[in-house]
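As a plain string of letters, each chain reads:
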Amino acid sequence: MKDIIIPIVAIVVGVIVGTVIGFLYRKNVAEKEIGSAEQEATRIINDAIRAGETKKREAIVEAKDEIYKERTEAEREIKERRNETQKLERRLTQKEETLDKKTDAVEQKSAELDRRMEKVRKTQEECEDIRAQQLSELERISGFSRDEAKQYLVDTIEREAQHDAAVKLRDIQQRTKDEAETTAREIISTAIQRCAADHVAEATVSVVPLPNDEMKGRIIGREGRNIRTLETLTGVDLIIDDTPEAITLSSFDPVRREVARMTLEKLITDGRIHPARIEEMVEKSRREIEQIMKAEGERATFEVGIHNLHPELVKLLGRLRYRTSYGQNVLKHSIEVAHVAGLMAAELGVDPMPAKRAGLLHDIGKAVDHEVEGSHVTIGIDLCKRYKEQPQIIHAVAAHHGDVEPESIAACLVQAADAISAARPGARRENLENYIKRLERLEEIANTTTGVASSYAIQAGREIRIIVKPEQVSDDAMVILGRDIAKHIEDELDYPGQIKINMIRETRVIDYAK
């Protein structure tokens, strides 16, 4: 047992001794490492301090350089601003000196102006004195008082103003008489003709007789289907009222109205009235109307003696059979114009055929003016150009209402024949009694005007010839008097076209040799 304990104790003691020795050794080593670390730390700290000092010195140097640069730049800017300020001060000084000089000059001019105004005032006073003396002398020499002389001057100025007004009025009339009045009247008359609301009853209404009143119900049909079909297909209003055994057809288009009238007559004769039959009869009536218009156009060309017209122009002439103007049938009017123009051309010794051809075609535009935009003159020009009419015929159509100046004998003849045909008594819807009253009223308006000696309505009322009293009306006053009479006629009378005011002033001197 003792043998075992001793080795164990020896081992334990050895382990303890070894542990103590190891501990001491490690301590010594640790102390050496700590010392070395402290030295290294001290060295690093010193290096850092030295590096910081270096950076600090470099930053201070850089800051000083920057401050120097900023200071230099600031000094340069201050110097530049100082120079600019000095320049501005010099300019202000110069301006002040200039302003002072100008002020002195203005004061001098003001003083000079005051002196001149005083001189002018004195001169004006002298002029007033001289003027008063002259007026007194003039009154003595002329024998006129001041008021009388003033009245004489007023009369002189009035005569001069009247002369200037007459000249001005003559110029205005010359510029506008062929344009303003003609254009205005043409626009109004064309608008009245082409507007259904303004047509008179005879021009827009047809009456179809019925065999009995029972036929009215058949024409209306069940729930109105027959009358609606007829109105839709023809474009005509059917007026079925209490009028016994009659139906009224209303439409501004005479061709449509004629188609409806023929259709209604066929239906009444046939007795079968239903939508399909109505459609068939309307188409048949239209074909018949086309044939009638073609035949009428051919008859018109044969009557006038015009050949080689384009077939479409012949058809359009036939359409004029159903066109009226102020109640005058346009086809008959065109034929009459062609005859009159041809007769006048023959009397003048020129070829009558161009005048006849232009007279027949002058209102061709009225055949389609319900369907095409523009005046009948413009439409007629386009139609004649489309169907290759000669330039002189186209020009005559264009000039027949004065829209362009007539440049050929045919154009002048057509213009005159158109006026003659439209103005003759009975040509248009105006009875003879009203026509005579209008002529008498025309002369009455002229005769009741101060300064008129006598007047005569001529050219079927298209012209009034007025003879003035020369001792009361001067040449200049005659222009104004004519304008006043024309204005009075426009306000008092209703008439187609225009009325020419022909003023005549004649001075006669009679003496005797003894």
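Because the structure is a prediction, the values reported are computed rather than measured.

> Explain the environment of serine 250 to me, and be specific about the residues and the numbers.
Note on placement: serine 250 falls in strand β3 (residues 246-250). Classification of serine 250 by relative accessible area gives partly exposed; the value is 21%. In this structure the C-alpha to C-alpha distance between serine 250 and valine 236, which are 14 residues apart in sequence, comes to 5.9 Å.

> I'd like a rundown of the nonpolar core, residues and numbers included.
If you look at the biggest cluster of nonpolar residues, it comprises 33 residues, and the most contacted ones within it are Leu309, Leu316, Leu317, Leu360, Ile364 and Leu383. Those elements that place two or more of their residues in this core are α7 (275-304), α8 (311-319), α9 (330-348), α10 (352-361), α11 (376-386), α12 (391-399) and α13 (409-423). At six residues, α12 tops the list of elements feeding residues into this core. Residues in contact with leucine 383, not counting those within four places in the same chain, are Leu313, Leu316, Ile364, Gly365 and Val368. Residues Ile227, Ile247, Leu249 and Val255 belong to the second largest nonpolar core, which totals 24 residues.

> Which residues make up the pattern of salt bridges, and what are the values?
On inspection of all chains with the given rule, the structure shows 27 salt bridges. With a closest N to O distance of 3.4 Å, glutamate 490 and arginine 483 form a salt bridge. Relative accessible area serves as the criterion here: at 29%, glutamate 490 is assigned to the partly exposed category. A relative accessible area of 23% means that arginine 483 is categorised as partly exposed. Several salt bridges converge on common partners, so that one network encompasses Glu40, Arg43, Asp47 and Arg50.

> Quick one: what's the story with the side chain of threonine 301, residue by residue and with numbers?
One can find threonine 301 in helix α7. Dropping the residues within four chain positions of it, threonine 301 is found in contact with Ile306, Leu309, Leu317 and Leu360.

> Residues and numbers for the sheet that holds strand β8 (residues 500-504), please.
Ordered in space as β6-β7-β8, the three strands form an open sheet in which the pairing is mixed. The outermost strands of the open sheet, each flanked by one partner alone, are β6 (452-458) and β8. Here the strands of the sheet are splayed against their neighbours by 20° on average, with no regard to which way each runs. Strand direction decides the pairing type here: β6 and strand β7 (residues 463-468), joined by six bridges, are antiparallel. From the neighbouring strand, valine 452 faces β7, where its bridge partner is valine 468. Along the sheet, helix α15 (residues 475-492) makes contact with β6, β7 and β8, crossing β8 at roughly 150°.

> Outline a negative patch on the surface, listing residues and values.
Taken together, the side chains of Glu58, Glu62, Asp65, Glu66 and Glu70 present a region of like negative charge at the surface. Owing to a relative accessible area of 42%, glutamate 58 belongs among the partly exposed residues under this scheme.

> Can you tell me about the packing of α7 against α9, naming the residues and giving the values?
Where α7 meets α9, the axes come as close as 10 Å, and the angle between the chain directions of the two elements is 15°. By the angle between their axes, α7 is roughly parallel relative to α9. Of the two possible hands of crossing, α7 and α9 adopt the one that is right-handed. Contacts between α7 and α9 involve Glu296, Arg299, Ala300, Glu303 and Val304 from the first element and Leu331, Ile335, Ala338 and His339 from the second.

Scoring rules and cut-offs
- Residues numbered from 1 in each chain as written.
- Predicted model: local features only at pLDDT ≥ 70, side-chain atom pairs only at ≥ 80, totals over all residues.
- Heavy atoms only, no water.
- Helix = DSSP H or I, 4+ residues; strand = E, 2+ residues; numbered from the N terminus.
- Buried < 20%, exposed > 50% of the residue type's maximum accessible area, 1.4 Å probe, protein only.
- Core = buried A, V, L, I, M, F, W, Y, C linked by side-chain atoms within 4.5 Å.
- Contact = heavy atoms within 4.5 Å.
- Salt bridge = Lys/Arg side-chain N within 4 Å of Asp/Glu carboxyl O.
- Pairing = 2+ DSSP bridges.
- Axes fitted to C-alpha atoms, helices over the stretch in contact; angles between N-to-C directions.
- Patch = residues over 30% accessible without salt bridge, like charges linked within 9 Å, V, L, I, M, F, W, Y side chains within 5 Å.
- Areas by Shrake-Rupley, 256 points an atom, 1.4 Å probe, with all protein chains shown as cover.
- Lys, Arg positive; Asp, Glu negative; His and termini not counted.
- Charge placed at Lys NZ, Arg CZ, Asp CG, Glu CD.
- Parallel < 35°, antiparallel > 145°, perpendicular 65-115°, else oblique.
- Left-handed = near helix turned anticlockwise from the far one by under 90°.

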